[in-house]
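Letter by letter, the chains look like this.
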Amino acid sequence: AAASAAGLFRLAIAADAAPRCWTSSSQFTWLRCCGPALPEGGDPACWGDGFTYELCCLSSPEAQPMHTDVEVCSNDPFRRLEVKNVAHGSLGGREDCVSTIGCRPGFSGRYEVAFEGIPACDKPGMVAATVGDEALATACDSLGELPENQRYDTAAYDEARLRYRFGTAVRPHCAVPNWRLLEEEPLRLYSLMHRRSKRMSRTLVNIGCGDASWDDPLGMVHTGFAQQGAPWRGVYFEATAENCRRASERLAANGDIHLECGYSTPDSVRSTLCARLNADVPACGRGSPADQGEPQRPVDVDAMSIDIDSYDCSVLREALMVVSPKFLIVEITPFPPPITAMAEFHPNFQLAERYNISGDEAINGGTGRRGGFWPGCSFSAVIALLWPHGLGLYRFSGRDAMFVRGDAADEVGLAEGDAASGGGRWRPSDEFECWRQGCATAGLDTAQVMDLTAKGVHTHLLPFIWEQIGTKAPKHPLTLGVAVPPPSRDLPRVRREE
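This text gives an overview of the structure that appears in the document. In this text, all values refer to a predicted model and were calculated from it rather than measured experimentally.

**What to know about the packing of helix 11 (residues 312-319) against helix 14 (residues 379-386)**
Between helix 11 and helix 14, the least distance of the axes is 11 Å, while the angle of their chain directions is 10°. Viewed along their axes, helix 11 and helix 14 adopt a mutual orientation that is roughly parallel. Residues Cys-313, Leu-316 and Arg-317 of helix 11 touch helix 14, and the partners they reach there are Val-382, Leu-385 and Leu-386. Looking at the contact of helix 11 with helix 14 residue by residue, the class counts come to 5 nonpolar, no polar and 1 charged.

This is how it looks when you write it as structure tokens:
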């Protein structure tokens, strides 16, 4: 096993000037090699040829990011990768060799070679040969040019991006597949914090936890680190009875997490958090009045998730008056930045609550109301809401987004080895770059909305999004607008060492 691992890692080194632990050429993943169930040192079969436990498991995820394959469906047509297998013989090379070629439109719109994979050749005893630069230059010609209706003014788009973005770090790995955000990204970040942070509260908050298993972004954190510290505490919320029963069994085995069953409102979430976490803050009717000194900070929480298929931002606003998570996963509506769209709470949501659904249906979105509702919170709406609370964009998967509190990122060295942060304080990712790199259509033609962004955020993009929401004829208030960044693009640091 060790020999095969080393062989695969050698391919990764050959393809990259700098070693990358997690690449598409390797069958090894962070979870397999470094997961919390493994002993110190990880899986020995993973290491070889300079790849070590320290390099791959203990480094910042910004320096050694997970592999992402979202380029094949990127929102931006100019970033979208077309992958094809090319026989070397068709390009004047060896007849027994085939290479995987990645093609991407250049500035002219004509497809150009983005990469050549490691060749596969049939003849034994012969060294695999690449196609060669001259022949490779024609490998994407059969794809022709990007259609006119998929093009936009890239310079004008970038002007809008620089004007409206909150995050300033450009990281291609910011966009990840949704399964990876659910299964590995929270687990890996918590692992880093568990190892390096001096202030772990062992507190989790989960609003819309499902059955607290595979589809819950905190599920693997909860089970994987159950025995590595004090018993868990915190508060979970779940709407459906079947999932509440399942979640109750899982939570009871690993600490003292309170599970609140039934549909929640912004007020009920705030009051439950106040009561169960004994929060000494003004939002709970406690704490020092403003004229008698600074009120105490919200309750420090290791990790938090929210996914309720309705008025998520209304609930999130109330929750953040009580708690301050080190990292947070939020279900989003992937409207393009800088559009802010938020469904606000209204009793009509309660009148349309759905009860005759199974736990599995609820996990797959079955609690969403039918007819006359636009649920959710857009990508930029969440970014703007979280910024004053010191939470900046870390990962984006189209359906969900993950945020990290700046002081927590700094404490555990998230900026170490990260060229985008310059080795200093951690900087949130540029949301425009994350969105254009990711796969998130929201039912829209992404090339069209990028063109509208380039033509004018207020004059073209915002009216178009308003029309899309209007087709739902919402029976509830909503907020729609444009996210305008604060004067300083430095993420606030809201907590300091005690």
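**Observations regarding the environment of Ala-175**
Position of Ala-175 among the secondary structure elements: in the loop between helix 5 (154-164) and helix 6 (178-183). The buried category is assigned to Ala-175, whose relative accessible area is 1%. Each C-alpha atom, one on Ala-175 and one on Glu-71, is 9.1 Å from the other, the two residues being 104 residues apart in sequence. What Ala-175 contacts, discounting residues up to four positions off in sequence, is Thr-68, Val-70, Phe-396, Cys-434, Gln-437 and Gly-438.

**Focus on the pairing of strand 8 (residues 299-306)**
Taking burial as the measure, the 8 residues of strand 8 include 8 buried ones, the bulk of the element. As judged from the 4 bridges shared by strand 5 (residues 203-207) and strand 8, these two strands associate in the parallel manner. What sits directly across from Ile-207, in strand 8, is Ile-306. In this sheet, strand 9 (residues 323-331) lies alongside strand 8 in parallel orientation, the contact comprising 7 bridges. The partner of Asp-300 across the bridge, within strand 9, is Ser-324. Read from strand 8 through helix 11 to strand 9, the crossover connection turns out right-handed.

**Things to note about the sheet that holds strand 7 (residues 255-261)**
The strand order 7-6-5-8-9-12-11 describes an open sheet built from 7 strands, whose pairing is mixed. At either margin of the open sheet sits one strand with a lone partner, and together these are strand 7 and strand 11 (391-396). Sheet twist, expressed as the average angle between the axes of neighbouring strands with direction ignored, equals 20°. The pairing of strand 6 (residues 232-238) with strand 7 spans 7 bridges and is parallel. Looking at the pairing, Tyr-236 lines up with Leu-259 of strand 7.

**Remarks on empty space enclosed by the protein**
Regions of empty space are outlined by a rolling probe, equal in size to a water molecule, passed over the atoms. Here the structure, examined in full by the defined rule, presents 1 cavity of 30 Å³ or more. By volume, the largest cavity amounts to about 40 Å³. As for the largest cavity, its lining consists of Phe-166, Gly-167, Ile-383, Trp-387, Leu-391, Gly-392, Leu-393, Phe-403, Pro-428, Ser-429 and Glu-431. Ranked by the residues each element gives to the lining of the largest cavity, the list is headed by strand 11, at 3 residues.

Rules used throughout
- Residues numbered from 1 in each chain as written.
- Predicted model: local features only at pLDDT ≥ 70, side-chain atom pairs only at ≥ 80, totals over all residues.
- Heavy atoms only, no water.
- Axes fitted to C-alpha atoms, helices over the stretch in contact; angles between N-to-C directions.
- Helix = DSSP H or I, 4+ residues; strand = E, 2+ residues; numbered from the N terminus.
- Parallel < 35°, antiparallel > 145°, perpendicular 65-115°, else oblique.
- Contact = heavy atoms within 4.5 Å.
- Nonpolar A, V, L, I, M, F, W, Y, C, P; charged D, E, K, R; others polar.
- Buried < 20%, exposed > 50% of the residue type's maximum accessible area, 1.4 Å probe, protein only.
- Pairing = 2+ DSSP bridges.
- Right-handed = clockwise from strand over helix to strand, strands pointing away.
- 1 Å grid on protein atoms, 1.4 Å probe; cavity = no way out; pocket = protein on both sides within 12 Å on 5 of 7 lines; lining within 4 Å.
- Points joined across faces, edges and corners; volume = space filled by probe spheres on them.

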